[in-house]
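Each chain, letter by letter, is given below.
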Amino acid sequence: MFYTSTRDKSIKVTASQAIAQGISSEGGLFVPCEIPFFSQDKISSMIPMSYIQRAKTVLREFLTDFSDEELDYCVEGAYAAEKFSSSEIAPTVNISGNKNILELWHGPTCAFKDMALQLLPYLMTVSAKKTAGGKTIVILVATSGDTGKAALEGFKDVDNTKILVFYPVDGVSPMQKLQMTTQQGSNVSVCAINGNFDDAQNAVKSIFTDEQIKKELEKKNMMFSSANSINWGRLVPQIVYYFSSYCDMVKAGRIKNGDKINVVVPTGNFGNILAAYYARCMGLPVKKLVCASNANNVLTDFLKTGTYDKNRAFYTTTSPSMDILISSNLERLLYHMSGEKDTVVSQLMGKLSSEGRYTVSDDLIFEIQQLFDAGFASESSVDDTIKELFDDYGYLCDTHTAVAVKVYDEYVKSTGDDIPTVIDSTASPYKFSSSVLHAVLDGKVPELDEFDMVDELNRITGADIPSPISSLRDKSVRFSNVCNKNDMAQMVFKLLDL
Ligand SMILES: *Cc1c(COP(=O)(O)O)cnc(C)c1O
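Definitions and cut-offs
- Residues numbered from 1 in each chain as written.
- Predicted model: local features only at pLDDT ≥ 70, side-chain atom pairs only at ≥ 80, totals over all residues.
- Heavy atoms only, no water.
- Helix = DSSP H or I, 4+ residues; strand = E, 2+ residues; numbered from the N terminus.
- Rg over C-alpha atoms; globule rule 2.2 N^0.38 Å.
- Buried < 20%, exposed > 50% of the residue type's maximum accessible area, 1.4 Å probe, protein only.
- Contact = heavy atoms within 4.5 Å.
- Lys, Arg positive; Asp, Glu negative; His and termini not counted.
- Charge placed at Lys NZ, Arg CZ, Asp CG, Glu CD.
- Pairing = 2+ DSSP bridges.
- Right-handed = clockwise from strand over helix to strand, strands pointing away.
- Polar contact = N/O pair within 3.5 Å; in protein donor to acceptor, adjacent residues only side chain to side chain.
- Phe/Tyr/Trp six-rings, centres within 6.5 Å; stacked < 30°, edge-to-face > 60°.
- Salt bridge = Lys/Arg side-chain N within 4 Å of Asp/Glu carboxyl O.
- Near = heavy atom within 4 Å.
- Areas by Shrake-Rupley, 256 points an atom, 1.4 Å probe, with all protein chains shown as cover.
- Nonpolar A, V, L, I, M, F, W, Y, C, P; charged D, E, K, R; others polar.
- Axes fitted to C-alpha atoms, helices over the stretch in contact; angles between N-to-C directions.

Would you mind showing me how to read the overall build of the protein here?
Along the backbone of the protein there are 22 helices and 16 strands. What you see for the protein is a C-alpha radius of gyration of 21 Å, in line with the 23 Å of a compact globule of 498 residues. Projected onto its principal axes, the C-alpha positions of the protein cover 60 × 50 × 45 Å. Burial status across the protein gives 61% buried among its 498 residues. Of the contacts made within the protein by residues no fewer than 6 positions apart, 75% connect residues no fewer than 24 positions apart. For the protein, the distance from the average position of its 48 positive side-chain charges to the average position of its 62 negative side-chain charges is 3 Å.

Next comes the structure, spelled out in structure tokens:
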């Protein structure tokens, strides 16, 4: 299996090259040249498997230059039982009728990013050994909150790696900020920037492709890579849980193997839903992929009209991990669904960076609409959804998950399509305690600090507090840097001692 670039089809690299490098040198994203197919029998054979076995079954198809021993080492290390608060790793919970919630937040940082970022450091170090000959890999991360922490936790003290994380100073929740600024590890740095997530992501992308910086790094025997979902090594682990959830639903008798399901994903950078798209291409019986956005609804507009336009107000919402106006992974979807037209993708991405908008052909948006539906949730409807789900079913969800639940309810209302559905739950409610408490108490929140909010939420709802959250209380802040978005390159020099 080889990988090519969304912007230049003449490129051909192995999985380990794609993972070690992160992004293609001309700025395109690595995509598989062909997508493996799982028959109904193959899916049937995965039903009795553990999560780890299912992960190996899927990954083996994509990471063909990894030996079985290497894959065993990576997957067993990443999903070791002691790192996850659920023995199923990613359990699917039935709420009522055909509504199921896939809980992706049982990992060490309580957000779905762990599903990929526990595995990525293993994939990356094995890949670097194969392709980069002993170089130190420098992971540069722009984060809207959850990626940063999950990457720090995944890469901390991993030999031959360093990790630098940039986050928007006012764009993450207090708990997310504390999780990052208290990070342990000898190879980690964290810096806030004056700007939003898109500013951070753009600066990181340009640092990646800056020739002068690259040269300086080479002198020190270092190379950059990315832990953002532009890295193929982030996406491929996410395909696994869609198969796993499907198998669990068959096992629980909620569907029969072969039955179609819908999948609803609270979306930001379009990585998670793209993984569901890959699963569908691989033969997982998925009817519709429903893309749920918050007030930053650039994707809803795109999927409804074919015009992507980031020239719009940016809102800071209670679901900060989805406060994004440039969804990087959409580029991969455009590549696949346009019939692998790299020149078309290059043109569209060129327009996005020069004018901030582009329109795809009628044919292309028509094709995309056959697979994707989309909607967005207002801030007040997110609160109402959290409260309703808790009051009616005793199920406590976070703000991001609530966006998806709300969009799903609207989807069913407008289409009548209520086949069995998996809704991704992407964070523990305790990661966003004050927003969740606000919703559950109908806005009547007492004045409390972040940790008292956690306790209060626990007292009112009885939902278990994940230990990575409760243990934060005793940790001290290690990183308090703030820099301007234009000074990020300089900061990288300083932090790496270049
Ligand atoms: C990252 C994140 C999302 C968005 O996922 P994408 O893959 O970027 O679309 C949604 N919810 C939470 C809690 C996240 O951390």
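I keep staring at the pairing of strand S8 (residues 188–194) and nothing clicks. Help me out?
Across a regular strand the side chains alternate sides, sitting on one face of the sheet and then on the other. Among the seven residues in S8, six count as buried, and that is most of the element. Bridge count between strand S7 (residues 161–168) and S8: six bridges; the pairing is parallel. Bridging from a neighbouring strand, Phe166 pairs with Cys191 of S8. Of the crossover connections in this fold, the one passing from S7 over helix H8 (residues 174–181) to the parallel S8 is right-handed. Two strands pair when backbone bridges link them, and S8 and strand S16 (residues 482–484) are joined in this way by three bridges, in the parallel orientation. Directly across from Asn194, in S16, lies its bridge partner Asn484.

Explain the environment of Ser229 to me, please; I cannot follow it from the model alone.
The topology assignment puts Ser229 in the loop between strand S9 (222–226) and helix H11 (232–251). Placed 42 residues apart in sequence, Ser229 and Gly271 show a C-alpha to C-alpha distance of 5.8 Å. When residues no more than four places from it in sequence are discounted, the contact partners of Ser229 are Arg234, Leu235, Asn269, Gly271, Asn329 and Arg332. Among the polar contacts made by the side chain of Ser229, one reaches the side chain of Asn329 at a distance of 3.0 Å.

Explain the packing of aromatic side chains here, please?
Aromatic ring pairs: the centre-centre distance and the angle between the two ring planes describe each pair. Following the criterion strictly, the structure yields 15 aromatic pairs and no others. Seen from their ring centres, Phe208 and Phe224 are 5.7 Å apart, and the 80° between their planes marks the pair as edge-to-face. Taken together, the residues span a long stretch of sequence, with Phe208 in helix H9 (residues 197–208) and Phe224 in strand S9 at a distance of 16 residues. Between Tyr308 and Tyr358 the ring centres are 5.5 Å apart and the planes differ by 10°, which places this aromatic pair in the stacked class. Highlighted residues: Tyr308 in strand S12 (residues 307–309) and Tyr358 in strand S13 (residues 357–359), separated in sequence by 50 residues. We classify Tyr358 as buried; its relative accessible area is 2%.

Just checking my understanding: could you explain the pattern of salt bridges for this structure?
As enumerated under the stated definition, the model contains 23 salt bridges in all. In this structure, the salt-bridge partner of Glu153 is Lys156, at a minimum N-O distance of 2.7 Å. Of the charged contacts in the structure, one is a salt bridge between Arg312 and Asp301, with a shortest N-O distance of 3.0 Å. A residue pair is termed long-range when its members are at least 10 positions apart, and Arg312 in the loop between S12 and helix H14 (330–337) and Asp301 in helix H13 (residues 298–305) qualify at eleven residues.

Teacher, can you tell me more about the site of the ligand here?
Lys113, Asp146, Gly268, Asn269 and Thr426 are the nearest of the 15 residues found near the ligand. Contact distances for the ligand include 2.9 Å between an oxygen atom and a backbone N or O atom of Asn272. At 2.8 Å from a nitrogen atom of the ligand is found a side-chain nitrogen or oxygen belonging to Thr426. Protein chains bury 98% of the 380 Å² of accessible surface belonging to the ligand in isolation. Grouping the amino acids of the shell around the ligand by side-chain chemistry returns five nonpolar, eight polar and two charged.

Is there a simple way to explain the sheet that holds strand S14 (residues 372–376) in this structure?
Backbone-to-backbone hydrogen bonds join strands into a sheet, with any given pair of strands oriented parallel or antiparallel. Ordered by their spatial adjacency, six strands build an open sheet running S4-S5-S15-S10-S11-S14, and the pairing between neighbours is mixed. Unpaired on one side and paired on the other, strand S4 (92–96) and S14 mark the two borders of the sheet. Looking at each pair of strands side by side, their axes are set apart by 25° on average, direction ignored. Set on the sheet, helix H12 (residues 271–281) makes contact with strand S10 (261–266), strand S11 (286–293), S14 and strand S15 (421–425); between it and S11 the angle comes to about 175°.

Looking at this model, I keep getting lost on the side chain of Ser225. Mind explaining?
Relative to the assigned elements, Ser225 resides in strand S9. Overall, Ser225 belongs to the buried group, its relative accessible area being 0%. Within the structure, Ser225 has its side chain in polar contact with the backbone oxygen of Ile19 (distance 3.4 Å). Engagement of the side chain of Ser225 in a polar contact is seen with the backbone oxygen of Ala20, the distance being 2.8 Å.

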